[in-house]
Amino acid sequence: MAELFERTVRTVNRADYTEEQTAAWAAGVSVPQWVPRFTESFTVICESDAEILGFGNLACDGTVDMLYVRADSVRCGIGTEILAALTAHARKCGLSRLQTFASLTAKPFFEKNGWQTVRSNTVVRRGVPLENFYMCRTLNKDVPAVNSTFDVS
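The notes below deal with the structure included here.

Calculation rules
Residues numbered from 1 in each chain as written. Predicted model: local features only at pLDDT ≥ 70, side-chain atom pairs only at ≥ 80, totals over all residues. Heavy atoms only, no water. Pairing = 2+ DSSP bridges. Helix = DSSP H or I, 4+ residues; strand = E, 2+ residues; numbered from the N terminus. Axes fitted to C-alpha atoms, helices over the stretch in contact; angles between N-to-C directions. Contact = heavy atoms within 4.5 Å. Core = buried A, V, L, I, M, F, W, Y, C linked by side-chain atoms within 4.5 Å. Buried < 20%, exposed > 50% of the residue type's maximum accessible area, 1.4 Å probe, protein only. Polar contact = N/O pair within 3.5 Å; in protein donor to acceptor, adjacent residues only side chain to side chain. Salt bridge = Lys/Arg side-chain N within 4 Å of Asp/Glu carboxyl O.

### Structural notes on the sheet that holds strand β3 (residues 64-69)
Judged by pairing direction, the sheet is antiparallel, and its three strands sit side by side in the order β1-β2-β3 without closing on themselves. The open sheet terminates on both sides in strands that have one partner only, identified here as β1 (42-48) and β3. The mean angle between the axes of side-by-side strands here comes to 15°, regardless of whether they run parallel or antiparallel. With seven bridges connecting them, β1 and strand β2 (residues 51-58) associate as antiparallel partners. Paired with E47 across the bridge in β2 is I52. Strands in contact with helix α1 (residues 2-11) are β2 and β3; relative to β3, the strand with the most contacts, it is inclined by about 75°.

Have a look at this one:
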């Protein structure tokens, strides 16, 4: 997952961020710090032939902490399926709202999936500022989650 994250940031996100920004962002991987982020959250991993194509996780407070798809699998529906699984889990847990900090690259994806931009935000990684967006989505409990083709049990 750390390798997929680093590659995705350096390739996919390179379209919207500078080399300096993507290098600072990608350098932020610390496996010891990542372990609790995933073990203390609901995590979905999409894989094919034992290779990870994408992953995402949902914290107990409704925060979509991470959602990354391998560069050669972007725009193939994997991110949508992962987000649908996270949303279904949030509904199952009784959450009424989801939130995330979306990159410039991910913002249109979240908007397409019913999320609203609340405000722009700047985060600093290794002394380099990166623009992102605080976004949220209210969950209508009367609307069922999108059926997922992935086994998320």
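### Focus on the nonpolar core
Of all hydrophobic cores here, the largest spans 22 residues; its most connected members are L58, V64, L67, I82, L86, F110 and W115. At the level of secondary structure, the elements contributing two or more residues to this core comprise β1, β2, β3, α4 (78-92), β4 (97-103) and β6 (128-138). Ranked by the residues each element gives to this core, the list is headed by α4, at six residues. Excluding residues within four positions of it along the chain, I82 makes contact with V44, C46, G54, F55, G56 and L67.

### Focus: the environment of A2
By the element assignment, A2 lies in helix α1. C-alpha of A2 to C-alpha of T87: the two residues are 85 residues apart in sequence and 23 Å apart in space.

### Examining the side chain of N13
Structurally, the position occupied by N13 is in the loop between α1 and α2 (19-26). Among the polar contacts listed, one links the side chain of N13 to the side chain of T105, at a separation of 3.1 Å. Contacts of N13, omitting those with residues within four sequence positions, involve T8, T22, W25, Y68, S103 and T105.

### Re the pairing of strand β5 (residues 116-125)
As judged from the nine bridges shared by β5 and β6, these two strands associate in the antiparallel manner. The residue bridging V124 from the neighbouring strand is P129, located in β6. The antiparallel pairing of β5 with β6 creates a hairpin that spans two residues between the two strands, and R126 there sits at a positive phi of about 50°.

### Quick word on the environment of V29
Tracing the backbone shows V29 in the loop between α2 and α3 (31-39). Given a relative accessible area of 26%, V29 falls into the partly exposed group. Separated by 27 residues in the primary sequence, V29 and A2 place their C-alpha atoms 6.4 Å from one another.

### Side note on the pattern of salt bridges
Opposite charge on two side chains permits them to pair, given that their charged atoms come into close proximity. The full count for this structure, using the stated rule, is seven salt bridges. For the salt bridge of R14 with E19, the shortest nitrogen-to-oxygen distance reads 3.2 Å. For E111, the salt bridge is made with K107, and the minimal N-O distance between the two is 3.1 Å. Of this pair, E111 and K107 both sit in helix α5 (residues 107-112), four residues apart, roughly one helical turn. By relative accessible area, which is 37% here, E111 ends up partly exposed. One network of salt bridges, in which partners are shared, links E51, R70 and D72.

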